[in-house]
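One letter stands for each residue in the lines below.
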Amino acid sequence: MNTFFKMLLFFITISGFAQSKKPNIIFIMTDDHATNAISSYGSVFNETPNIDRIANEGIRFNNTYVTNSICAPSRAAILTGKLSHVNGVKGNIDIFDGSQVTFPKLLKSAGYQTAIIGKWHLASNPTGFDYWSVLPGQGDYYNPDFIEMGVTHREQGYVTDLITDKALSWISSIDKEKPFCLIYQQKAPHRNWMPALRHLALYDDVKFPLPESLFDDYSNRGKAAKEQEMEIENHLYDLWDLKLGSPQELEEGLANINLNETTNPEELKEKDIIEANDKTQDLNKFLKVYKRLTPEQRKLWNKAYAKRQLEFRTLNLKGKALVEWKYQQYMKDYLACIASVDENIGRLFDYLETENILDDTMIVYTSDQGFFLGEHGWFDKRFMYEESYQMPLVIRYPKKIKAGIKSSALSMNIDFGPTILDIAGVEVPVEMQGKSLKPIFENDGKTPDNWRKATYYHYYDYPSWHSVKRHYGIRTNDFKLIHFYNDIDEWELYDMNKDPKEMINVYGKKEYKKIQKELKNILTDVQKKYGEVQCK
Ligand code: SGN
Ligand code: CA
């Protein structure tokens, strides 16, 4: 063979090798981050430049939905690619059976180095990871405990920063020749929305626009909307949520509480669902997190909230004015927590760029579900209504995804695992109920003709926190059909084009009779397909 052909063969081998190297995966998931609080999705409240960068240099999904809008169930569905009734986690107290097949396990078998760092919340210990360091239960914002490979220890710092420190240090410690999959999951911006010290004053002088439905009276809706317990007006706690505990009250409280008492919110059962107006319970609940701050941190914390507390006392607001004021405080803290998330994604970008592996890495950003930011007068999630149902999903991987494309394909959290496996060239097990989104990337964001026509949802966690009734339903491009069951039997139907804010239930209306019937048939088909039994 002459030199020319030898060289040619060499280049072919090299380029073949380069092509066969599997992408690294970084799966970023936060907790309760609504699309309405991401600038790329059109937030009117805040800027999230680093999340936007993922979207701008990759794909943004506009119709990605959770299959059960609560933490542990969403996580179990993502890991297994299966719905709650199949993976066994229907509510936050269910223990995840870690012997199940998950996408990280399959990646590990395919030669990936795997890790989960941050919020886990699945009761059993992580399986399928070479390295894991997770928060116990919900975890703490300040000086949190981590369970690292089975050993619990406390770390000094702010949780969002610490999780990133650990993530970067893990990536830098592993074999550079092999691909990795990092599951990087933040606690922020979960309730009780405690921002980093550097962000405590971030939104001090900002007045956020009020959502149109802040004073929703739930007319034209059913019992479920009327009987929930997640209203800004009635269900936010003064100390826990609104940070209205005075330094004196808090210091006195600290002197009196039992410091050995558990701080793991998973161990706080029904007794901790307190009445918002029960001051003692509220104080005790807040002290459990406040006591984790160092005296120095407490000083800065109290200094930052002094203005808010003074305002509360002097204005003495009532009625609607008080609701508006509470909404503003809620939003300031929630959005300040998001600031730390976005900043830390910036750190991740910097690191990957410095290491020259940014474009070899598929970066996924999502949240375990959406969140109400005052719409219908609410905080929290659980409902199949758009704000809590929709998940953000942006993905950057320039080798397979064109920059700046958008997709309106109906997608679900059970699709994430199959998509990642597909991109990594690992076979997707037939038992996984989700579908790979790769055909959408290949179609520059356009929905393939044979794509699903409806997403499926089922929420089971009732009676429980926030009293959201059990319900299941489907969403098509144009409609949403929901059945609330258990202690009620009510149907709701929304015309998503005419009524995107879901203010008028048109179920039973003459003009919707035909579509209603069609949707019920689709629902039956979808339930059959997923092996879900009808619920009464
Ligand atoms: C805690 C919160 C609830 C929240 C659940 C579940 N209460 O119990 O408001 O709905 O977590 O959230 S708190 O008083 O402890 O803040 S989830 O995202 O983990 O499912
Ligand atoms: Ca959550």
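In what follows, the structure referred to is the one given above.
Small disclaimer: the values here were computed from a predicted structure and weren't measured.

### Examining the packing of helix α9 (residues 247–256) against helix α10 (residues 279–290)
So, point 1. Contact geometry of α9 with α10 gives a least axis separation of 10 Å together with a crossing angle of 80°. For the element pair α9 / α10, the angle class is roughly perpendicular. Of α10, the residues touching α9 (which contributes Glu249, Leu250, Glu251, Gly253 and Leu254) are Leu283, Phe286, Leu287 and Tyr290.

### Observations regarding the site of ligand 1
So, point 1. Near ligand 1 lie 18 residues; those nearest to it are Gln138, Asp380, Lys381, Arg382 and His466.
So, point 2. Contact distances for ligand 1 include 3.0 Å between an oxygen atom and a side-chain N or O atom of His190.
So, point 3. Residue His466 places a side-chain N or O atom 2.6 Å away from an oxygen atom belonging to ligand 1.
So, point 4. With the chains in place, 95% of the 460 Å² that ligand 1 exposes on its own is no longer accessible.
So, point 5. Split into classes, the residues belonging to the shell around ligand 1 amount to four nonpolar, six polar and eight charged.

### Some details on the packing of helix α11 (residues 295–315) against helix α12 (residues 319–354)
So, point 1. Between α11 and α12, whose axes approach to 12 Å, the crossing angle comes to 175°. If you check the angle between α11 and α12, you find them roughly antiparallel. Seen from α11, the contacting residues are Tyr305, Arg308, Glu311, Phe312 and Leu315; seen from α12, they are Leu322, Trp325, Gln329, Lys332 and Asp333.

### Looking at empty space enclosed by the protein
So, point 1. On inspection of all chains with the given rule, the structure shows five cavities of 30 Å³ or more.
So, point 2. Approximately 60 Å³ is the volume found for the largest cavity.
So, point 3. Considering the residues around the largest cavity, the lining is formed by Phe27, Met29, Arg75, Ile78, Leu79, Phe103, Ile116, Trp120, Leu122, Ile183 and Gln185.
So, point 4. Listing elements by their share of the lining of the largest cavity, those giving two or more residues are β1 (24–30), α3 (71–80) and β8 (180–185).
So, point 5. The element contributing the most residues to the lining of the largest cavity is α3, with three residues.
So, point 6. Its residues placed into classes, the lining of the largest cavity shows nine nonpolar, one polar and one charged.

### Here's the deal with the coordination of the calcium ion (ligand 2)
So, point 1. Protein-derived coordination of the calcium ion (ligand 2) comes from Asp31 (OD), Asp32 (OD), Asp368 (OD), Asp368 (OD) and Gln369 (OE1), at a distance range of 2.1 to 2.8 Å.
So, point 2. Considering all six donor atoms around the calcium ion (ligand 2), angles at the metal cover 50 to 174° and the coordination shape is irregular.
So, point 3. We note that the donor set of the calcium ion (ligand 2) lies within a single chain, spaced as D-D-x335-D-Q. In this pair, Asp32 is assigned in the loop between β1 and α2 (49–56) and Asp368 in the loop between β9 (361–367) and α13 (386–389), connecting sequence segments 336 residues apart. Both residues of the pair, Asp32 and Asp368, belong to the buried class.

The rules behind the values
- Residues numbered from 1 in each chain as written.
- Chains lettered and ligands numbered in written order.
- Predicted model: local features only at pLDDT ≥ 70, side-chain atom pairs only at ≥ 80, totals over all residues.
- Heavy atoms only, no water.
- Axes fitted to C-alpha atoms, helices over the stretch in contact; angles between N-to-C directions.
- Helix = DSSP H or I, 4+ residues; strand = E, 2+ residues; numbered from the N terminus.
- Parallel < 35°, antiparallel > 145°, perpendicular 65-115°, else oblique.
- Contact = heavy atoms within 4.5 Å.
- Near = heavy atom within 4 Å.
- Polar contact = N/O pair within 3.5 Å; in protein donor to acceptor, adjacent residues only side chain to side chain.
- Areas by Shrake-Rupley, 256 points an atom, 1.4 Å probe, with all protein chains shown as cover.
- Nonpolar A, V, L, I, M, F, W, Y, C, P; charged D, E, K, R; others polar.
- 1 Å grid on protein atoms, 1.4 Å probe; cavity = no way out; pocket = protein on both sides within 12 Å on 5 of 7 lines; lining within 4 Å.
- Points joined across faces, edges and corners; volume = space filled by probe spheres on them.
- Donors = N, O, S within 2.8 Å, 3.2 Å for Na, K, Ca; no water.
- Tetrahedral: all angles 85-135°; square planar, octahedral: opposite > 155°, others 65-115°.
- Buried < 20%, exposed > 50% of the residue type's maximum accessible area, 1.4 Å probe, protein only.

Taken by themselves, the reported measurements are silent on function.
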